[in-house]
Amino acid sequence: MTVAVRETKQSDSEKITINLGFVDLGYVDLLVREGFYGNRSDFIRTAIRNQLERHSESAKQSTIRRQLQLGLCHYSARDLEATQAAGERLDIRVLGLATIAADVSPELARATIGSITVLGALHASPAVKAALADRIA
C-alpha cells in the first residue's frame, strides 16, 4: 500500500511517497483510530522526527564534516551577478532547501556555480537544472 505524506505548507515542505505493508498500515490506522495520532501523516511525521532525534549527534557531526549550510538558501540573479563580478564561483552545499531564483538564466548559473550538493530539495527552473546537470551531486 502506498501512503502519500504532504504537509500543508508548500513553501517549507516536500511531498514524499512511502510504501507500507498492509499490516503496518493497519497498525498505523489502529493508532489513529485509538486517538494516539490525528491522522496517518501525523504518525509518519512523528516517527520520522523520532528517528532524526535518535541520530541527531551523528547527523550534526556529518553536517560539520561535509560543510553543509543548514536550512533555506536562496540564490538570486543579483547574488550570482555579484559572485561573477568578484571573479568567484559558488560551491553550494545545503542540508534543507536550496532555491535558485526564476530570474537566473542558465548561462549565469553555469558561469557562477561550480557544484551543487543538496540534501533535501533543490528548486530551480528546468533550464537551470539542465544547465547544471553535470555539477549536481
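Residues numbered from 1 in each chain as written. Predicted model: local features only at pLDDT ≥ 70, side-chain atom pairs only at ≥ 80, totals over all residues. Heavy atoms only, no water.

Student: It is not clear to me how the packing of aromatic side chains should be interpreted in this structure. Could you clarify?
Tutor: Each aromatic ring pair is summarised here by two numbers: the centre-to-centre distance and the angle between the ring planes. Here the structure, examined in full by the defined rule, presents one aromatic pair. Taking 5.1 Å as the distance between ring centres and 90° as the angle between the ring planes, the aromatic pair formed by Y37 and F43 counts as edge-to-face. Exposure remark for Y37: the relative accessible area of 24% places this residue in the partly exposed category. (Phe/Tyr/Trp six-rings, centres within 6.5 Å; stacked < 30°, edge-to-face > 60°. Buried < 20%, exposed > 50% of the residue type's maximum accessible area, 1.4 Å probe, protein only.)

Student: What should I look at first to understand the nonpolar core in this one?
Tutor: When a protein is soluble and globular, its nonpolar side chains tend to lie buried together. By size, the foremost hydrophobic cluster in this structure holds 19 residues, and its most contacted members are I100, V104, I113, I116 and L132. Among the secondary structure elements, those contributing two or more residues to this core are strand 3 (69–75), helix 4 (77–85), strand 4 (90–100), helix 5 (106–112) and strand 5 (113–123). The residues touching V104, leaving out its near neighbours within four places in the chain, are Y75, S76, A77, L80, A109 and V128. (Core = buried A, V, L, I, M, F, W, Y, C linked by side-chain atoms within 4.5 Å. Helix = DSSP H or I, 4+ residues; strand = E, 2+ residues; numbered from the N terminus. Contact = heavy atoms within 4.5 Å.)

Student: Explain a nonpolar patch on the surface to me, please; I cannot follow it from the model alone.
Tutor: Among the surface-exposed residues, I16, I48 and L52 lie close enough to one another that they form a single nonpolar patch of about 270 Å² accessible area. Take I16: it is sitting in strand 2 (residues 16–19). (Patch = residues over 30% accessible without salt bridge, like charges linked within 9 Å, V, L, I, M, F, W, Y side chains within 5 Å. Areas by Shrake-Rupley, 256 points an atom, 1.4 Å probe, with all protein chains shown as cover. Salt bridge = Lys/Arg side-chain N within 4 Å of Asp/Glu carboxyl O.)

Student: So what exactly am I meant to see when it comes to helix 2 (residues 40–54) here?
Tutor: Along an α-helix, residues three or four apart share an orientation, since each turn contains 3.6 residues. A rise of 1.5 Å per residue sets the reference length of helix 2, with its 15 residues, at 21 Å; its end C-alpha atoms lie 21 Å apart and thus fit the reference within 8%. Burial in helix 2 covers these residues: S41, I44 and R45. The buried side chains of helix 2 occupy one side of the element, clustering within an arc of 100° when seen end-on. Away from its buried face, by an angle of more than 90 degrees, helix 2 presents the exposed residues E53 and R54. (Expected span 1.5 Å × (residues − 1). Arc of directions from axis to C-beta.)

Student: Even after reading the chapter, I still don't get the sheet that holds strand 5, so can you show me in this structure?
Tutor: Across a sheet, strands are paired by hydrogen bonds formed along the backbone, either parallel or antiparallel in direction. Across the sheet, three strands lie side by side as 3-4-5; this open sheet has parallel pairing. Only two strands of the sheet have a single neighbouring strand rather than two, namely strand 3 and strand 5. Each neighbouring strand pair of the sheet contributes to a mean axis angle of 45°, computed without reference to strand direction. Bridge analysis of strand 3 against strand 4 gives seven bridges, and the strand direction is parallel. (Pairing = 2+ DSSP bridges. Axes fitted to C-alpha atoms, helices over the stretch in contact; angles between N-to-C directions.)

Student: Would you explain the pairing of strand 5 in this entry?
Tutor: Side-chain direction in a regular strand flips from residue to residue, so the side chains alternate between the two faces of the sheet. Examined bridge by bridge, strand 4 and strand 5 share 10 bridges and lie parallel to one another. Following the sheet pairing, V94 is matched in strand 5 by V118. Note on the crossover from strand 4 through helix 5 to strand 5: the handedness is right-handed. (Right-handed = clockwise from strand over helix to strand, strands pointing away.)

Student: Mind showing me how you'd approach the pattern of salt bridges here?
Tutor: Side chains that differ in charge, positive against negative, can pair when their charged atoms come close. Tallied over the entire structure, the rule returns four salt bridges. Two residues, D42 and R45, come together in a salt bridge whose shortest N-O distance is 2.7 Å. Here D42 pairs with R45, and both are found in helix 2, just three residues apart, close to one helical turn. A relative accessible area of 18% means that R45 is categorised as buried. What emerges from the salt-bridge pattern is a single network uniting R110, D134 and R135.

Structural measurements only, silent on function.
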